[in-house]
Amino acid sequence: MANTAAVSVSDYVRLIRGNRNFRLLWTAQLISEIGDWFYIVAIYSLLLEHTGTAKSIAFAFVLQVLPQTLFSPTCGVINDRLSRRQVMMFADWSRAVIVLCMLLVRGPGLIWLLYVLLFFETIAWGLFEPGRNASIPNIVAKSDILVANGLSSATWSFNLAVGSAIGGLVAVWLGRDAVFIINSLSFVASG
């Protein structure tokens, strides 16, 4: 019979404190996923500024979702065949370079480059996430898998809200270039 005991905050704290490998993976997830959402406000404002149309944002959104649909199965296979740690590090380092290249988009004539970069950044995201998810059973005790998966899922939701909010504030206070630089550095830190 499955264990249906409730998971408490102390279970999460115990897991983070007591399992170094999970703590490192969870910290990388925290940093990497905040980076995933950190630049979204800056990108959408850049698109509106240079195109003046909401269609450009819709297209950018498609470029952030479509690769997940098309490449996620392949990315899962890659994570099964190669070292997950190396794949996740490659994904984060790739995203660091890709996001830094977004600094090159300086006018309407280079919006195409932003679209290409978004597409490839999302493919790199697709490499990171399956590796992180598949690593959990390898680094936590069987009795902690529910706790680890719960924390990982809650962290994604937290990162969505916090990453985009902080990124938006940084864009207002320091400008878009600062957002892209900080975001790039977040992927370096995660990697």
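Keep in mind that this is a model prediction, so the values were computed, not measured. (Residues numbered from 1 in each chain as written. Predicted model: local features only at pLDDT ≥ 70, side-chain atom pairs only at ≥ 80, totals over all residues. Heavy atoms only, no water.)

*Asks:* Describe the overall build of the protein, and please don't skip the residues or the numbers.
*Replies:* Helix and strand content of the protein: 8 helices and 0 strands. If you list the helices and strands of the protein from N to C, you get α-α-α-α-α-α-α-α. Projected onto its principal axes, the C-alpha coordinates of the protein cover approximately 60 × 35 × 25 Å. With 191 residues in all, the protein has 45% of them scored as buried. Sequence-distant contacts in the protein: of pairs separated by 6 or more residues, those separated by 24 or more amount to 80%. Here the protein has roughly 10,000 Å² of accessible surface; of this, 70% comes from carbon and sulfur atoms. The distance from the centre of the 13 positive side-chain charges to the centre of the 10 negative ones in the protein is 5 Å. (Helix = DSSP H or I, 4+ residues; strand = E, 2+ residues; numbered from the N terminus. Buried < 20%, exposed > 50% of the residue type's maximum accessible area, 1.4 Å probe, protein only. Contact = heavy atoms within 4.5 Å. Areas by Shrake-Rupley, 256 points an atom, 1.4 Å probe, with all protein chains shown as cover. Lys, Arg positive; Asp, Glu negative; His and termini not counted. Charge placed at Lys NZ, Arg CZ, Asp CG, Glu CD.)

*Asks:* Which residues make up the layout of surface pockets, and what are the values?
*Replies:* Roughly 350 Å³ of internal volume is contained in the largest pocket. Lining the largest pocket we find 15 residues, and of these N21, L24, L25, R85 and M88 sit closest to its centre. If you list the elements that add at least two residues to the lining of the largest pocket, you get α2 (20-38), α5 (84-101) and α6 (111-139). The residue makeup of the lining of the largest pocket, split by class, is 7 nonpolar, 4 polar and 4 charged. There is about 250 Å³ of room inside the second largest pocket. If you trace the second largest pocket, you find 13 residues lining it, with D36, W37, Q64, Q68 and W125 closest to the centre. (1 Å grid on protein atoms, 1.4 Å probe; cavity = no way out; pocket = protein on both sides within 12 Å on 5 of 7 lines; lining within 4 Å. Points joined across faces, edges and corners; volume = space filled by probe spheres on them. Nonpolar A, V, L, I, M, F, W, Y, C, P; charged D, E, K, R; others polar.)

*Asks:* An account of a nonpolar patch on the surface is requested, with residue identities and associated values reported.
*Replies:* Together, F59, V62, L66, L70 and F71 line one region of the surface with nonpolar side chains, adding up to about 420 Å² of accessible area. Tracing the backbone shows V62 in helix α4 (residues 54-81). (Patch = residues over 30% accessible without salt bridge, like charges linked within 9 Å, V, L, I, M, F, W, Y side chains within 5 Å. Salt bridge = Lys/Arg side-chain N within 4 Å of Asp/Glu carboxyl O.)

*Asks:* Mind laying out the environment of V140, listing which residues take part and the relevant values?
*Replies:* In this structure, V140 sits in the loop between α6 and α7 (145-174). Beyond its immediate chain neighbours, meaning those up to four positions away, V140 contacts L15, N19, F22, I145 and A148.

*Asks:* An account of the packing of α4 against α6 is needed here, citing residue identities and associated values.
*Replies:* Closest axis-to-axis distance for the α4/α6 pair is 7 Å, and the angle between their directions is 35 degrees. Handedness of the α4/α6 crossing: right-handed. Within the contact between the two elements, α4 uses S56, F59, A60, L63, Q64, P67, Q68, F71, C75, G76, I78 and N79 and α6 uses Y115, L118, F119, T122, I123, W125, G126, L127, P130 and G131. Across the contact of α4 with α6, the residue classes tally to 14 nonpolar, 8 polar and no charged. (Axes fitted to C-alpha atoms, helices over the stretch in contact; angles between N-to-C directions. Left-handed = near helix turned anticlockwise from the far one by under 90°.)

*Asks:* Explain the packing of α2 against helix α8 (residues 176-190) to me, using residue names and the numbers behind them.
*Replies:* Viewed as axis vectors pointing N to C, α2 and α8 meet at an angle of 155 degrees, and their least axial separation amounts to 8 Å. As far as their axial angle goes, α8 and α2 are roughly antiparallel. With respect to the hand of their crossing, α2 and α8 are arranged in left-handed fashion. Contacts between α2 and α8 pair A28, I31, S32, G35, D36 and F38 from the former with V179, I182, N183, S186, F187, A189 and S190 from the latter. A class-by-class count of the residues in the contact of α2 with α8 yields 7 nonpolar, 5 polar and 1 charged. (Parallel < 35°, antiparallel > 145°, perpendicular 65-115°, else oblique.)

*Asks:* Could you give an account of the state of the cysteines, naming the residues involved and the relevant values?
*Replies:* What makes a disulfide is a covalent bond joining the sulfur atoms belonging to two cysteines. Inspection of every chain in the model, using the stated rule, returns 0 disulfides. Unpaired in terms of disulfides, C75 finds its nearest cysteine sulfur in C101, a separation of 20 Å. (Disulfide = S-S within 2.5 Å.)

*Asks:* Lay out the packing of aromatic side chains with the relevant residues and their values.
*Replies:* Counting across every chain of the model gives 4 aromatic pairs. Taken together, a centroid distance of 6.0 Å and an interplanar angle of 85 degrees make the contact between W37 and W156 edge-to-face. Of the two residues, W37 sits in helix α2 while W156 sits in helix α7, which places them 119 residues apart along the sequence. Overall, W156 belongs to the partly exposed group, its relative accessible area being 34%. Taking 4.7 Å as the distance between ring centres and 85 degrees as the angle between the ring planes, the aromatic pair formed by F59 and Y115 counts as edge-to-face. Placement of F59 in helix α4 and of Y115 in helix α6 is noted, with a sequence separation of 56 residues between them. Taken together, the ring pairs connect F71, F119 and F120 into an aromatic cluster. (Phe/Tyr/Trp six-rings, centres within 6.5 Å; stacked < 30°, edge-to-face > 60°.)

So far we have only geometry, and geometry alone does not tell us how the molecule works.
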